[in-house]
Structures are given as C-alpha cells and as structure tokens.
Amino acid sequence: MVNDNIVNCEHVWREISNYLEDDVDASFRSRMDEHFQTCSACRSLLEGTRNVIQLYSDERMIEVPSGFGSRLQHRLAQSRRAPGRSWSPWSAWLVPLAALLLITGGVRIASSRTVPQPLLSAHAQPARNIPPDMVVVVSADAKQFHVPGCEFIHNKERERTLTAKEAVDQGYVPCVRCLRKYLQTASAGRTSLEMEATSEPDIAGPKQDGGE
Amino acid sequence: MAEANVVVNNSVQAGTSHELELIDRVQRGENSLFYELVRPYERRVFAAAMAILRNESDAEDVAQEAMLKALRAIRQFRADARFSTWLIQITVNEALMRRRKDRNGVMEAIDDRRDEESDYAPRDFADWREIPSEALERKEVRQRLAQALASLDRKYREVFVLRDMEQLNIQETADALGISIASVKTRLLRARLMLRDLLAAGWEQGWFSRLPFEKGTKPW
C-alpha cells in the first residue's frame, strides 16, 4: 500500500482503523508506531479512535424499551402453544426421514451427473467469490441457496444445511435477495432493480408449498 | 501501542459449556429453554435491528421475529460458530428484509452507489486520552454518544454497530450486510473517524470531563 519508508499523517489516517484491528503488516505497523512517537496529532487521533471503540462497545450503550424482555418471552411462549408451529418430541422422527430422502436424492443426483453440476435454473447467475465454507441452506426442490433464516426459502420443511461450495457443486445458485453480492452481475453496473426484475421468474418458481 | 489489539478484540468469548448444553437440549426439542439461551443476547439483537430500522417498535418486532426464526432453525446451528453471531446474522437479515419490503429497495440502491473511497481527513486533534468508563454512567453522555451515532449515514452506522457494538468480525459483518470486506473496512474507518471528530469536539467543550465522581468528589 505504501512503498516508501516515510509514513506521513495521511497514511496514518487511512490505516488507523486497520491498525486498531491489527490488520496491517508488521513493517508498516512499526513505521506507524514510529510516527506516533513523533506526531502528537496522530497520537491523539489514535487515542481518540480507540476511546470511541471502547465507549460504544460497552453494553450500557444499548438501551432497550422497557418490558422488551418479558414481551419477547411471552411471544416465544405463544409460538410454542400455537398449533402447527410447535415441535413435539415425536416430530424429531421427521428429521432422519427428511435426511434419508435428501441422501437418496443426493445419491441419485451424484450418480447421474459429474461434479460440478450444471445450474439448476436457466435464469440463474452463477456464484462469484463466495467463501467456500460459508454455511448456507437449500431446500429439496428449489434452485437457490440462502443464508439461514432467509425469507425466500421455499419449502422450509425440507431444507438442509451445507457449505456454499457443496451448494455450488450441486448446481444451486445464490439467492438474489440474501446473497446478492455474490452474483456475477452484482458489480457489473446493473442496478439492483434491474437485477431483481430479471430474476423474478426464478424466485417465483415453485409456488410456496404447492411446488411438489 | 502494543495494547491496540486489546481494544478491538474484546469480543464475546465462545459459547460456555452451559450455553452449549442449552443449545443441545433445545435442539432435542426442549423449546421452553430457548428464552434462557437467548436472554444474554436479547439486548444486542434489539440493537442490531434498531441500527438498521431506526424505529423502536419495528426493531422490537423484527427482534422477536428473528428469535422465532432462530428457534425454528436451531437444528441448523453448528457448534463451530458463535451462537451470538448466528443470532445477530439472522436478525440483520430479517431487518434488511423488512426495510426492503417497506421501502421497496429504491432508496438503498441510490444511497449505496455514492462514492465512499474518498479519503476522510480528521478535523479535530483535541487531546482525548482517557475516558473513564464511569462516563457512561451519565445519561447525558450516553445520549450524546447515541446522537453522534444516529447522525452518521446509514452505511457507516450499520457497519460500525455490527463490528464495534455487536462484536461481529469483519468477515461476519460483510456477510450479514451483503457487502464486500473492502467496503466494511472503508466504512468502518470512516465511521470511527467521524465519531471521533464528533465526540472530540464534545471533549473540548468539557462534557466528558465533568464526571460526577471525578477525583472522588461529587460536584453537587
């Protein structure tokens, strides 16, 4: 980043946040340290920035509305009583059953195609620069993979967790909502609205739970 | 200067054995224990939703929805991640969805396109060495800090809250907001420097230093 040996104040301003993250290389760090020895303005900047981080990281900075905790507790309890939402102990049987379905399905896919799989959707844009070990979610009959908890997961009862690399290898593409930044066109100058518009048929794919 | 890491690496430690046991039991179907599991993080979950939505009742609703989602998805949680991080990421995702739904995404697209690479030059070099943490006992100080944070542009505020208040790391912050690591770093630098500028001015005016318990005496 900085090739010459002189570190000036502007270099410090640019790197001070990385310095506090311990995210500058050792030689640059020691040159910054030297600069702090001689420049009181930058030293004061460093102390001030560190103070900012320290103050805001304090739990006391977070204020919640009064009664927040008890309302949350109430809502969680309500959801347990609501029919259809609760997980009674025997529903644990569904998990191995779903796993079995997914495994047999997975074996079928694996035996019929070679890795990497062709994309499952004709409209799809392949993933770009996605961290391979990122934990993502897919559901059995959908084409996209998602961040856990994404609202646009179809058929949530049959979702499974895997790594982004596994999902890509199996032909899934990133969800255009929750993983938009990993789409190939994300930085190619199209607006997000255009992107959503062209991807719409894909999202609408299998309608809710009626897709099976 | 070697103590620099101490400040930023004060993140929440990995799950305690009690927490891991609770997770295990909830995963096996003891849903009534879920509140006990999330209780230590409920404030942070609210703060994450609030940073994105800036409206208390929306933030509370989203925080509750996120907790319900986390409960439904608890079996997907893997013990190699921090439970708090997982919760916050679900919350941020839920809050972003809510905002997109409410505003139809138009505002963000324009806002995020603005140049953020230009260098930021600090304005104020007031000597701001020590901030006794007792300063936070004063409501006035907390309000000043909250106001300063609220005055930041959305993109700076969100990154700052997730990294410095919620203690996500840079990669987790990038994942949660759906932006690049480079953007997180640039925005974080800007946010920290802008807050320092805003607050250093206050320091000069003395509202930090008028501490109630300074030197063991009360001013009243």
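Residues numbered from 1 in each chain as written. Chains lettered and ligands numbered in written order. Predicted model: local features only at pLDDT ≥ 70, side-chain atom pairs only at ≥ 80, totals over all residues.

A. Region of the structure containing the overall build of chain A. Check the secondary structure of chain A and you find seven helices and four strands. The linear arrangement of helices and strands in chain A, starting from the amino end, is α-α-α-α-α-β-β-β-α-β-α. Across the 212 residues that make up chain A, the buried fraction comes to 28%. Of the contacts formed within chain A by residues at least 6 apart in sequence, a portion of 65% connects residues at least 24 apart. (Helix = DSSP H or I, 4+ residues; strand = E, 2+ residues; numbered from the N terminus. Buried ≥ 20, exposed ≤ 12 C-beta atoms within 10 Å, placed from the backbone. Contact = placed C-beta atoms within 7 Å.)

B. Here's a closer look at the interface of chain A and chain B. Facing the 59 residues of chain A at the interface are 62 residues of chain B. Among the secondary structure elements, those contributing two or more residues to the side of chain A that touches chain B are helix H1 (9-20), helix H2 (26-38), helix H3 (40-56), helix H4 (68-81), strand E1 (135-139) and helix H7 (192-204) of chain A. Looking at the side of chain A that touches chain B element by element, the count peaks at 13 residues for H3(A). Here the residues of the side of chain A that touches chain B are counted per class, giving 29 nonpolar, 15 polar and 15 charged. (Nonpolar A, V, L, I, M, F, W, Y, C, P; charged D, E, K, R; others polar.)

C. Region of interest: the packing of helix H9 (residues 154-165) of chain B against helix H10 (residues 170-177) of chain B. Residue and element names in this part refer to chain B. Relative to each other, H9 and H10 sit at 135 degrees, their axes nearing to 9 Å. By the angle class used here, H9 and H10 are oblique. Seen from above, H9 lies across H10 with right-handed handedness. Within the contact between the two elements, H9 uses Glu 158, Val 159, Leu 162 and Arg 163 and H10 uses Ile 170, Thr 173, Ala 176 and Leu 177. Of the residues assigned to the contact of H9 with H10, the class counts are five nonpolar, one polar and two charged. (Axes fitted to C-alpha atoms, helices over the stretch in contact; angles between N-to-C directions. Parallel < 35°, antiparallel > 145°, perpendicular 65-115°, else oblique. Left-handed = near helix turned anticlockwise from the far one by under 90°.)

D. Spotlight on H1(A). The end-to-end C-alpha separation of H1(A) is 16 Å, in line with the 16 Å expected for twelve residues at 1.5 Å each. Those residues of H1(A) that sit buried are Val12(A), Glu15(A), Ile16(A), Ser17(A), Tyr19(A) and Leu20(A). (Expected span 1.5 Å × (residues − 1).)

E. Just the confidence of the model for chain A, in detail. Residue and element names in this part refer to chain A. Per-residue confidence for chain A gives a mean pLDDT of 73; residues scoring 70 or more make up 63%. The weakest mean pLDDT in chain A belongs to H7 at 39; the strongest belongs to H2 at 93. A low-confidence stretch, residues 187-212 stays under pLDDT 50, and its non-local contacts, those more than four residues away or across chains, total 30 contacts. (pLDDT = per-residue confidence, 0-100.)

F. Fine view of the environment of Ala66(B). Residue and element names in this part refer to chain B. Looking at the secondary structure, you find Ala 66 in helix H5 (residues 56-72). Residue classification places Ala 66 among the buried residues on the basis of 26 C-beta atoms within 10 Å. Sequence-wise, Ala 66 and Glu 94 are 28 residues apart; in three dimensions their C-alpha atoms are separated by 6.3 Å. Once residues lying within four places of it in the same chain are set aside, the contact partners of Ala 66 are Val 45, Ile 90, Thr 91 and Glu 94.

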